[in-house]
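This is what each chain is made of:
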Amino acid sequence: MTNPLQFHIVAAPEDLWILLELAGNETGRRFMALIECPECKKEVSTEAKACPYCGYPVAEHVAQAQPAATTSAGPAKDEVLAEIRPSWWGYFWYLFFFWLIVPPFIAYFRRAATVLQIYRDRIHLERGLFSKCYRDYNPRDIRAIDIDQTFLQRMVGIGDITISTAATVEAAEELNSIPDPMGARDLILAQRASH
């Protein structure tokens, strides 16, 4: 007349995997954690592939929650915080004359030829398709970041960024038609302040 133990472990998805490891016991019984279904808000086993009430794919939700719990709090040193390419709006006239066939190809290759990558410890600028030019800037060496926007650029949310460094007077890089130039500038300044 023994009554089997019944546990309802309700946890956030990031705590779920720790609780599942602790839930095993010496008698060989296995306890399943219960989570709240994101769709219908009813308790569902983490072992279920889908919620029996509404059909929401709980197994995918749990699988997505596991990697999120194991990642570190901050980005890794070599992780790209932002990769910025010129906006298609900067090549509007090339695309407007698409019927000439050549201008869209010119616009595509000119846009693909410029990439700005912002890392935690450096700013990486890559130019060119066939012959490449790579430049890395230390965020501490950046003297000024200028943003120029025409009226039309402001309407579509793009602008030209000029990055000046303290190394030499001529060390200024101009990037045209950058989407959200204020956001890119703020991200670069945040990296400079963190060092």
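Here's a quick rundown of the structure. (Residues numbered from 1 in each chain as written. Predicted model: local features only at pLDDT ≥ 70, side-chain atom pairs only at ≥ 80, totals over all residues. Heavy atoms only, no water.)

## A short note on the sheet that holds strand 7 (residues 142-148)
Where we set the bar: By this definition, two strands are paired if DSSP reports at least two bridges between them. Put simply, DSSP marks the helices as runs of H or I at least four residues long and the strands as runs of E at least two long, and each gets a number from the N terminus on. Axis angles are defined between N-to-C directions and span 0 to 180 degrees, where every axis is a line fitted to C-alpha atoms and, for a helix, only to the segment in contact.
Across the sheet, which stays open at both edges, the three strands sit in the order 7-8-9 with antiparallel pairing between neighbours. Each edge of the sheet is formed by a strand with only one pairing partner; in this case those strands are strand 7 and strand 9 (172-179). Direction aside, neighbouring strands of the sheet carry axes that sit 20 degrees apart on average. With six bridges connecting them, strand 7 and strand 8 (residues 158-165) associate as antiparallel partners. Residue Asp148 lies in a different strand from strand 8, and its bridge partner there is Asp160.

## Some points on the sheet that holds strand 6 (residues 133-137)
The criterion, for reference: Any two residues having at least one pair of non-hydrogen atoms within 4.5 Å are treated as being in contact.
Across the sheet, which stays open at both edges, the four strands sit in the order 3-4-5-6 with antiparallel pairing between neighbours. The sheet is open, and its two borders are formed by strand 3 (82-84) and strand 6, each paired with just one other strand. Shown here is a sheet whose adjacent strand axes are inclined to one another by a mean of 15 degrees, direction ignored. Where strand 4 (residues 114-118) meets strand 5 (residues 123-127), five bridges bridge the pair, whose relative direction is antiparallel. Bridge assignment links Val115 to a residue of strand 5, and that residue is Glu126. Contacts between helix 6 (residues 181-194) and the sheet are confined to strand 3, strand 4 and strand 5, with strand 4 contributing the most and set at about 40 degrees to the helix.

## Some points on a nonpolar patch on the surface
Where we set the bar: Excluding any residue in a salt bridge, patches collect residues exceeding 30% relative accessible area, merging like charges within 9 Å and nonpolar Val, Leu, Ile, Met, Phe, Trp and Tyr side chains within 5 Å. Throughout, the Shrake-Rupley method with a 1.4 Å probe supplies accessible areas, and for residues the shown protein chains are the sole cover considered. One side-chain nitrogen of Lys or Arg within 4 Å of one carboxyl oxygen of Asp or Glu is enough to make a salt bridge. Partly exposed residues are those whose accessible area sits between 20% and 50% of the maximum for their type, while under 20% is buried and over 50% is exposed, using a 1.4 Å probe and protein chains only.
Taken together, Trp89, Phe92, Trp93, Phe96, Phe97, Phe98, Trp99, Leu100, Phe151, Leu152, Met155 and Val156 make up a surface patch of nonpolar side chains, about 1400 Å² in accessible area. Within the residue set of the nonpolar patch, elements represented by two or more residues are helix 3 (92-96) and helix 5 (151-156). Sort the elements by how many residues they give to the nonpolar patch and helix 5 lands first, with four residues. Inspection of the secondary structure puts Phe92 in helix 3. We classify Phe92 as partly exposed; its relative accessible area is 37%.

## As for the nonpolar core
What counts here: To define a nonpolar core, start from buried Ala, Val, Leu, Ile, Met, Phe, Trp, Tyr and Cys residues and group those joined through side-chain atoms within 4.5 Å.
Ranked by size, the top nonpolar core spans 15 residues in total, and within it Ile84, Ile123 and Ile188 carry the most contacts. Residue assignment for this core shows that the elements contributing at least two residues are strand 3, strand 4, strand 5, strand 7, strand 8, strand 9 and helix 6. Those residues in contact with Ile123 that sit more than four places away from it in its chain are Leu116, Gln117, Ile118, Arg135, Asp136, Tyr137, Ile142 and Ile188. Membership of the second largest hydrophobic core comes to six residues, among which are Cys37, Cys51, Val58 and Val62.

## Points about the side chain of Gln117
This is how the line gets drawn: Polar contact is defined as a pair of N or O atoms within 3.5 Å, subject to the rule that within protein one atom must be able to donate a hydrogen and the other to accept it, and that residues adjacent in sequence are counted only when both atoms are side-chain atoms.
Here Gln117 shows up in strand 4. Overall, Gln117 belongs to the buried group, its relative accessible area being 12%. Here the side chain of Gln117 touches Tyr119 through a polar contact of 3.2 Å, side chain to side chain. Leaving out residues up to four positions away in the same chain, Gln117 has contacts with Val80, Ala82, Glu83, Arg122, Ile123 and His124.

## Brief notes about the packing of aromatic side chains
How we decide: Only Phe, Tyr and Trp rings take part, Trp by its six-membered ring, and two of them pair if their centres are within 6.5 Å. Stacked means planes under 30 degrees apart, edge-to-face means over 60, and tilted covers everything else. Criterion for a charge above a ring: Lys NZ or Arg CZ within 6 Å of the ring centre, and within 35 degrees of the ring normal.
Counting across every chain of the model gives one aromatic pair. Note on Tyr108 and Phe109: the rings are 5.3 Å apart at their centroids and 75 degrees apart in plane angle, and the pair reads as edge-to-face. We classify Tyr108 as partly exposed; its relative accessible area is 46%. The ring centre of Tyr53 lies 4.7 Å from the NZ or CZ of Lys42, which sits over that ring. Geometry around Tyr119 places Arg122 over its ring, the cationic atom sitting 3.9 Å from the centre.

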